[in-house]
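Below, each chain spelled out in residue letters.
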Amino acid sequence: MPVESGNSAAARQAKQKRKSHSLSIRRTNSTEQERPGGVRDMLEGQDNKLPLSLKSNLLELFGQIEREFENLYIENLESSHSTSQLSQKLKTTYKASTSKIVSSFKATSSRAVCQLVKEYVGHRDGIWDLSVTRTQPLVLGTASADHCAMLWSIETGKCVLKYAGHAGSASGDQTAHIWRYMVQLPLPQPQADVSQVQGEDDVDFSDKDEADGDVDGMNECPTVRVATTTLKSHQGVVIAADWLVGGRQVVTASWDRAANLYDVETSELVHTLTGHDQELTHCCTHPTQRLVVTSSRDTTFRLWDFRDPSIHSVNVFQGHTDTVTSAVFTAGDNVVSGSDDRTVKVWDLKNMRSPIATIRTDSAVNRISVSSTQRIIALPHDNRQVRLFDMTGVRLARLPRSNRQGHRRMVCCSAWNEENQACNLFTCGFDRQAIGWNINIPALLQEK
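Residues numbered from 1 in each chain as written. Predicted model: local features only at pLDDT ≥ 70, side-chain atom pairs only at ≥ 80, totals over all residues. Heavy atoms only, no water.

- Under the annotation held in an unreviewed UniProt entry, the chain carries the name WD repeat-containing protein 37 and is attributed to Denticeps clupeoides.

**A closer look at the sheet that holds strand β2 (residues 127-132)**
1) Next: Strand order in the open sheet made by the five strands is β2-β3-β4-β5-β7, with mixed pairing throughout. Strands with a single pairing partner mark the edges of an open sheet, and in this sheet they are β2 and β7 (223-224).
2) Next: Sheet topology places strand β5 (residues 159-163) next to β7; two bridges connect them, and they run parallel. Bridging across to β7, Lys-162 finds its partner in Thr-223. (Pairing = 2+ DSSP bridges. Helix = DSSP H or I, 4+ residues; strand = E, 2+ residues; numbered from the N terminus.)

**Points about the packing of aromatic side chains**
1) Next: Enumeration according to the criterion identifies seven aromatic pairs in this entry.
2) Next: Between Tyr-120 and Trp-152 the ring centres are 6.0 Å apart and the planes differ by 70°, which places this aromatic pair in the edge-to-face class. Placement of the pair is Tyr-120 in strand β1 (residues 114-121) and Trp-152 in strand β4 (residues 149-153), with a sequence separation of 32 residues. Assigned by exposure class, Tyr-120 and Trp-152 land together as buried.
3) Next: Judged by centre distance (5.1 Å) and plane angle (25°), the ring pair of Phe-301 and Phe-317 falls under stacked. Taken together, the residues span a long stretch of sequence, with Phe-301 in strand β15 (residues 301-308) and Phe-317 in strand β16 (residues 311-317) at a distance of 16 residues. Like Phe-317, Phe-301 is buried.
4) Next: Through pairs of rings, three or more aromatic residues link up here, namely Tyr-120, Trp-152 and Phe-426. (Phe/Tyr/Trp six-rings, centres within 6.5 Å; stacked < 30°, edge-to-face > 60°. Buried < 20%, exposed > 50% of the residue type's maximum accessible area, 1.4 Å probe, protein only.)

**Remarks on the pattern of salt bridges**
1) Next: For the structure shown, the criterion picks out six salt bridges.
2) Next: Between Arg-134 and Asp-242 there is a salt bridge, and its shortest N-O distance comes to 3.0 Å. Of this pair, Arg-134 sits in the loop between β2 and β3 (139-144) while Asp-242 sits in strand β9 (residues 238-243), and the two are 108 residues apart along the sequence.
3) Next: Judged by its relative accessible area of 65%, Arg-134 falls in the exposed class.
4) Next: With its nearest N and O atoms 3.2 Å apart, the salt bridge here joins Asp-362 to Arg-387. Taken together, the positions of Asp-362 in the loop between β20 (357-360) and β21 (369-370) and Arg-387 in strand β23 (residues 386-389) put the pair 25 residues apart, joining distant regions of the chain. (Salt bridge = Lys/Arg side-chain N within 4 Å of Asp/Glu carboxyl O.)

**A short note on the confidence of the model for the chain**
1) Next: In the predicted model, the chain carries a mean pLDDT of 81, and 74% of its residues have values of at least 70.
2) Next: Contacts for the low-pLDDT stretch residues 17-35, under 50 throughout, to residues beyond four places or in other chains number one contact.
3) Next: Taken together, the stretch residues 194-214 has pLDDT below 50 and engages in 50 contacts with residues farther than four places along the chain or on a different chain. (pLDDT = per-residue confidence, 0-100. Contact = heavy atoms within 4.5 Å.)

**What to know about the pairing of strand β12 (residues 269-273)**
The side chains of a regular strand alternate between the sheet's two faces.
1) Next: Relative to β12, strand β11 (residues 259-263) is paired through four bridges, and the arrangement is antiparallel. Across the sheet, residue Tyr-262 finds its bridge partner in β12, namely Leu-269.
2) Next: From the end of β11 to the start of β12, which pair antiparallel, there are five residues, and Ser-267 there has a positive phi angle of about 65°.

**Observations concerning unusual backbone geometry**
1) Next: Pro-137 follows Gln-136 through a cis peptide bond whose omega is -5°.
2) Next: Turning to its location among the elements, Pro-137 is positioned in the loop between β2 and β3.
3) Next: Positive phi is not limited to glycine here, since Arg-432 has a value of about 70°.

**Remarks on the sheet that holds strand β26 (residues 425-429)**
1) Next: Read across the open sheet, the four strands follow the order β1-β27-β26-β25; overall the sheet is antiparallel. What marks the edges here is a single partner per strand, and that holds for β1 and β25 (411-416). Taken pair by pair, the neighbouring strands of this sheet meet at an average axis angle of 25°, ignoring direction.
2) Next: Alignment of β26 against strand β27 (residues 433-439), held across four bridges, turns out to be antiparallel. By the bridge assignment, Phe-426 is partnered in β27 with Gly-436. (Axes fitted to C-alpha atoms, helices over the stretch in contact; angles between N-to-C directions.)

**Re the nonpolar core**
1) Next: Core analysis: the largest hydrophobic core is formed by 25 residues, its most contacted members being Phe-301, Val-336, Ile-377 and Leu-379.
2) Next: Listing elements by their share of this core, those giving two or more residues are β14 (291-296), β15, β17 (324-329), β18 (334-339), β19 (343-348), β20 and β22 (377-380).
3) Next: Ranked by residue count, the leading element in this core is β17, at four residues. (Core = buried A, V, L, I, M, F, W, Y, C linked by side-chain atoms within 4.5 Å.)

**Examining the environment of Cys-412**
1) Next: If you trace the backbone, Cys-412 turns up in strand β25.
2) Next: Linking Cys-412 and Ile-127, residues 285 residues apart in sequence, is a C-alpha distance of 7.4 Å.
3) Next: Filtering out sequence-adjacent residues up to four positions away, Cys-412 remains in contact with Ile-127, Trp-128, Asn-366, Arg-367, Pro-380, Cys-428, Gly-429 and Phe-430.

**Examining the environment of Gly-157**
1) Next: Structurally, Gly-157 is set in the loop between β4 and β5.
2) Next: Its relative accessible area of 11% is what places Gly-157 among the buried residues.
3) Next: For the pair Gly-157 and Gly-122, spaced 35 residues apart in sequence, the C-alpha separation works out to 10.0 Å.
4) Next: Contacts of Gly-157, omitting those with residues within four sequence positions, involve Lys-118, Glu-119, Tyr-120 and Trp-152.

**Some remarks on the environment of Thr-223**
1) Next: Among the structural elements, Thr-223 can be located in strand β7.
2) Next: Placed 73 residues apart in sequence, Thr-223 and Met-150 show a C-alpha to C-alpha distance of 9.1 Å.
3) Next: Only 3.5 Å separates the side chain of Thr-223 from the backbone oxygen of Cys-221, close enough to count as a polar contact. (Polar contact = N/O pair within 3.5 Å; in protein donor to acceptor, adjacent residues only side chain to side chain.)

Structure below.
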């Protein structure tokens, strides 16, 4: 039996590889030709038994089918492209038009429900705090970094009394002063229609340093320079004070990390409330019970209970991640706290383990206030905005702000006064002015 040498076997394998490679190239090239040609090759193969006329008909039909599919494919591509463009155009147009409609509606309703009534101009530095008297006659009080406190006629916007007995900026002399006043309220003048002021809400303020208005009239305002009672015990700036129910005791909060409870008649220190790890920022008393809440830069606020003379309990609440700027009682059994962490939390006095509502904002929140009847929360912000929310955290309105009205600097404090229907909300800020607003509460709640 003949045996094939190794060289001849290798040569034959190489030849077979070249042959198969050439075949594969030819097959590849044939598939790249038109498909009817490939079908024609299939129909004209050696194993094909079909008659010639039938083959011709089939080739023609296959060609028509291919052309039809090609036309459909091209039409689908064009249709898909045009539909995508139309859809995008519709989305853009719809979004822009609806946004304009919604923005216009919100701006119009906000101006109709919340209107600027009066500007109280006269301080020569930023106003830290303000409040309204709880008894008649109703006057507005402001405390400023210009070392002065002022009393204002709510209706006329005129200063009726100035207190200049402090030696430091807003009790920076580490004391709290109690003083008495007798004021003659001027007759109210006709009000200008501030609702006709033009300008969109989102127009920014000018950066001028002085508040608009003539402050020369302040020279005609009577001035008190001596306090009836001076409360001395703090070792730091006195940043806030409030009357305990009954009017016989006062609580003060200081940067010395303590709050003090004083007897007004004797000026004696009754209690020193210690426990905060950093400076206090605010204090507030309950309208009907002997309860005090203090807030601090240590991210906590504390509830002090003086209802039982023999037991003075305290509860610590840690619901914020930054300075608690204020915590206030409501007419019911709730406490509302605001913070530099841009949140406001609503708490239930009966179960204060966790808040029952949380309001998240885009700016630090300063000294808040809650209306007594409808319990609407007024939030003054670092970004010059003032927003209104209900107790469940639903946003009700934003006070109008334009280049002609509103605050030009950080808003420090808000205070409700529901006794005066024409001017029932007040705000103040670093722009050296206080502003009185008319909030149409029924209309506000109806829009909710």
